[in-house]
Amino acid sequence: MLGETVGTGLDQIVIIVYFAGILLFGSYFGRYAKTTSDFFFGGRRFAWWLITVSIVATGVGSHSFIKYSSKAFEYGFSSTMTYMNDWFFMPFFMFGWLPIIYYTRVGSIPEYFERRFNRTARGLATLMILLYMIGYISIGFLTLATALYQILGIPLMWTVVVIAVLTAVYMHFGGQTSVIFTDLLQGFILLFAGLFLFFLGLNYLGGFDVFWDALSPQAKLPLADFNRPPDFNFVGIFWQDGFAGSVGFLFLNQGLIMRFMAARSVNEGRKAAAINVLFVLPVSAIVVSNAGWIGRAIVNVFPGTIDPNLDPNDIFVEVTNLVARPGVFGFLIAALSAALMSTVDTLVNASAAVFVNDIYRPIVKKERSDHHFLEVARWVSVGVTALGVLLVPVFNSFETIYEAHGWFHSTFTPPLVVAVFLGVFWKRFTSAAVIATFTAGAGLMILGQLFPQLVTPFAHGIAMQAGKPYIYIGALYNIFVCTLVGVVVSLVTGSKPSKNIKGLTIFDIQGAREIFKGGKPNDREGEKVMVNWREADGADDTVGLSRTDLDTMAAEPGDLVYLCDRRKWLGGLKSLHSVMGEPHDEPGIVYMTNQQVKRGLFVKGKVLVVEKEM
Amino acid sequence: MILEFSRTWLPYIYLYGVGGIFFLVGLWIILRYRSLNLQLKRDRSWFRVLLFGFVWYAMIHAVVIWAALRS
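Below, the structure is looked at part by part. (Residues numbered from 1 in each chain as written. Chains lettered and ligands numbered in written order. Predicted model: local features only at pLDDT ≥ 70, side-chain atom pairs only at ≥ 80, totals over all residues. Heavy atoms only, no water.)

1. Quick look at the overall build of chain A
Along the backbone of chain A there are 22 helices and 6 strands. In terms of overall dimensions, chain A is globule-like: its C-alpha atoms have a radius of gyration of 25 Å, near the 25 Å expected for 614 residues. Referenced to the eigenvectors of the C-alpha coordinate spread, the extents of chain A come out at roughly 80 × 60 × 45 Å. Taking contacts inside chain A between residues at least 6 apart in sequence as the whole, the part at least 24 apart equals 82%. Looking at chain A as shown, the accessible area adds up to about 21900 Å², and 63% of this sits on carbon and sulfur atoms. The averaged location of the 44 negative side-chain charges in chain A is 6 Å from the averaged location of its 46 positive side-chain charges. (Helix = DSSP H or I, 4+ residues; strand = E, 2+ residues; numbered from the N terminus. Rg over C-alpha atoms; globule rule 2.2 N^0.38 Å. Contact = heavy atoms within 4.5 Å. Areas by Shrake-Rupley, 256 points an atom, 1.4 Å probe, with all protein chains shown as cover. Lys, Arg positive; Asp, Glu negative; His and termini not counted. Charge placed at Lys NZ, Arg CZ, Asp CG, Glu CD.)

2. Observations regarding the overall build of chain B
Assigned secondary structure in chain B consists of 2 helices and 0 strands. Taking 71 residues into account, the globule formula puts the C-alpha radius of gyration at 11 Å, and chain B, at 16 Å, lies well above it. If one aligns the C-alpha atoms of chain B with their principal axes, the spans along those axes are about 55 × 20 × 10 Å. Here chain B holds 71 residues, and 42% of them are scored as buried. Taking contacts inside chain B between residues at least 6 apart in sequence as the whole, the part at least 24 apart equals 56%. Accessible surface, chain B as shown: approximately 4100 Å² in total, 69% of it carbon and sulfur. (Buried < 20%, exposed > 50% of the residue type's maximum accessible area, 1.4 Å probe, protein only.)

3. A few points about the packing of helix 5 (residues 90–103) of chain A against helix 1 (residues 9–32) of chain B
At a minimum axis separation of 8 Å, helix 5 of chain A and helix 1 of chain B run at an interaxial angle of 25°. Relative to helix 1 of chain B, helix 5 of chain A is oriented roughly parallel. Along this stretch, helix 5 of chain A crosses helix 1 of chain B, giving a crossing that reads as left-handed. Contacts between helix 5 of chain A and helix 1 of chain B involve P91(A), F92(A) and F95(A) on the former and, on the latter, F22(B), F23(B), V25(B), G26(B), L27(B), I29(B) and I30(B). Its residues assigned to classes, the contact of helix 5 of chain A with helix 1 of chain B comprises 9 nonpolar, 1 polar and no charged. (Axes fitted to C-alpha atoms, helices over the stretch in contact; angles between N-to-C directions. Parallel < 35°, antiparallel > 145°, perpendicular 65-115°, else oblique. Left-handed = near helix turned anticlockwise from the far one by under 90°. Nonpolar A, V, L, I, M, F, W, Y, C, P; charged D, E, K, R; others polar.)

4. Some thoughts on the pairing of strand 6 (residues 608–612) of chain A
Residues and elements named next belong to chain A. With 5 of 5 residues buried, strand 6 lies mostly within the body of the structure. Residues L608, V610 and K612 point to one face of strand 6 and V609 and E611 to the other, with burial holding for every one of them. Looking at chain direction, strand 3 (residues 560–565) and strand 6 are connected through 5 bridges and run antiparallel. Residue D565 lies in a different strand from strand 6, and its bridge partner there is L608. (Pairing = 2+ DSSP bridges.)

5. Digging into a nonpolar patch on the surface
Together, I446(A), L447(A), L450(A), F451(A) and L454(A) make up a nonpolar patch on the protein surface, roughly 470 Å² of accessible area in all. Within the fold, L450(A) resides in helix 18 (residues 431–450). (Patch = residues over 30% accessible without salt bridge, like charges linked within 9 Å, V, L, I, M, F, W, Y side chains within 5 Å. Salt bridge = Lys/Arg side-chain N within 4 Å of Asp/Glu carboxyl O.)

6. A closer look at the interface of chain B and chain A
The partner chain A presents 46 residues to the 45 residues of chain B that form the contact. Regarding the contact of chain B and chain A, the summed buried area is about 4200 Å², with carbon and sulfur atoms giving 74% of it. Of all residues in chain B, R7(B), W46(B) and Y57(B) bury the most surface against chain A, accounting for 18% of the area lost on that side. Between chain B and chain A we count 1 salt bridge in total. A salt bridge links R228(A) to E4(B); the nearest nitrogen and oxygen atoms lie 3.1 Å apart. On inspection of chain B and its partner chain A, the count reaches 15 residue pairs in polar contact (both at pLDDT 80 or more). Counting residues per element, the side of chain B that touches chain A draws most heavily on helix 2 (residues 41–70) of chain B, which supplies 17 residues. Here the residues of the side of chain B that touches chain A are counted per class, giving 30 nonpolar, 9 polar and 6 charged. (Buried area = accessible area lost by both parts, 1.4 Å probe. Polar contact = N/O pair within 3.5 Å; in protein donor to acceptor, adjacent residues only side chain to side chain.)

7. Side note on the packing of aromatic side chains
All names here are of chain A. Summed over all chains, the structure comprises 56 aromatic pairs over all chains. Note on F92 and F425: the rings are 4.8 Å apart at their centroids and 75° apart in plane angle, and the pair reads as edge-to-face. Highlighted residues: F92 in helix 5 and F425 in helix 17 (residues 401–425), separated in sequence by 333 residues. On the basis of relative accessible area, F92 is assigned to the buried category, the value being 3%. (Phe/Tyr/Trp six-rings, centres within 6.5 Å; stacked < 30°, edge-to-face > 60°.)

8. Observations regarding the sheet that holds strand 4 (residues 575–580) of chain A
Residue and element names in this part refer to chain A. Within the open sheet, the 6 strands sit side by side as 2-4-3-6-1-5. Their pairing is mixed. Strands with a single pairing partner mark the edges of an open sheet, and in this sheet they are strand 2 (542–543) and strand 5 (589–592). By the bridge criterion, 4 bridges tie strand 1 (residues 529–535) to strand 5 in an arrangement that is parallel. Across the sheet, N532 pairs through a bridge with I589, a residue of strand 5.

Structure (structure tokens):
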């Protein structure tokens, strides 16, 4: 730590104003959470760009700024590795896992485990995912409080409590819609702030050329040395972050999955994933790392300005304080807060979803109204936040936040990663095998921690350090033993009949589409149409379009349809999913019930865009 | 100062070799089971995007390594 209070009174005011603004902004969107579907999934209505920014805000946590800046200060551009190797798994995600979870309408990842395997598998997955998310929330609080308490001048635990209360307030009222819209704001803030800090740093140094020349060739290489040093090497990071981390984040982060479930269609979810990985992640890599690069360049260009032996965890605050003027420093620290709050709100919402869908609803109270479950979800959000606060002292006992985070990842991710991957992409994977993966696989992982010699065959020549053996490459061992257990047990036990896992594996993706539609999908390619809406009497959930419009859309009665306010900047906030009813003869008009108008939040006189789903 | 192969191009080859195997297996599975259906216009576009993504990242890493070595 820096050991002294940093920032000015103006910085404190900027941070407080920022928090107040986010509180009001997030709470405002509470009006859009009227059902559990709204609270958890935002009504499955949003456009790809909203989902993309929200994913960025979720992915870039406050720990990212601290963690990657510290590695950037020590090792240079190779700090970006974790952000730059997700693409290998995109075919699996975009055309495997995403359509399966979307089309089967599972409320949570544990629910998938029950449908694909059995109730025991769901129970184990629920436990592991809840532990993972609540722990993650706690680490997030700790990270931000560690940076903020020096600036606000209040004790660390009180800083944690203040942040937690603010998060809980807008989560309590807003739910997923609140998360997505605050993420939109915070995502832009943190991207802008990170790039702005880079600009300020370059300006402080005297331009890009000075910055570039100040770094050694090693520091400019985008990938670390193959297997050296033991605590930061390419191959270890590839298996821990590139494989286990990326698959874990894409496939198992309940918060992220819910973000994709809030997309208005699978195709929109694919667009969000693709744009995020292709273009936004490389920018995010610069955003979270540049303070470290600038710090290293300052050490070389202006000796004495920054201590070359400074604790790397402090480099973000140190550089920010150095290159930014009062007020701007407060804004940049507020962006750090944005990173935390947008990650934590996602995890809180996701934990509430898992608790309500996987524990409360199936076991405790089956016959209650949706309003009741919505109230429970709201209070669970508050409870989860409180639990996260209570766990902060536990994680504060680790030597560094980085270690706490690494321990968490390597302990909880591999069994879940293997279970989901084999479940989706291997039909033969059995219920007994998934339970063995969770239990025996976890047991072998613990053995690997107790006897690091077991990891040596996987180490690619990485030296075994005394005290902290195989920090990263242990992930490869963990993945291997979990896969081995899963495969061996599958081969000696019986799997479910194909008809019982319809739509739940990649081998039956058409089955998933049929389940979603409730009939055979219509794959004829048509065009969107613009219509005015009118209210009509009726109790069914269909909408009435003209024959002409149906022809343009290549649609027919019974097809799924999506109606959305034409104003694209709303991102789908005012929209509705429905089913095509019997056609009429008034082109450019859609008839819908009063209930549908309310659900879609449509405004009188505003034109709608209609498209056939699937 | 001469940088060793293990510091420069070996990680790159491993990344796009091992990662490439996962990528190609993923492509093969989704094409084989028609989750990505090349008979549909939209899916053909997605197929091109997937290939572009792989080349895009390989290019970014290659260019930065080249620039670092050149400096």
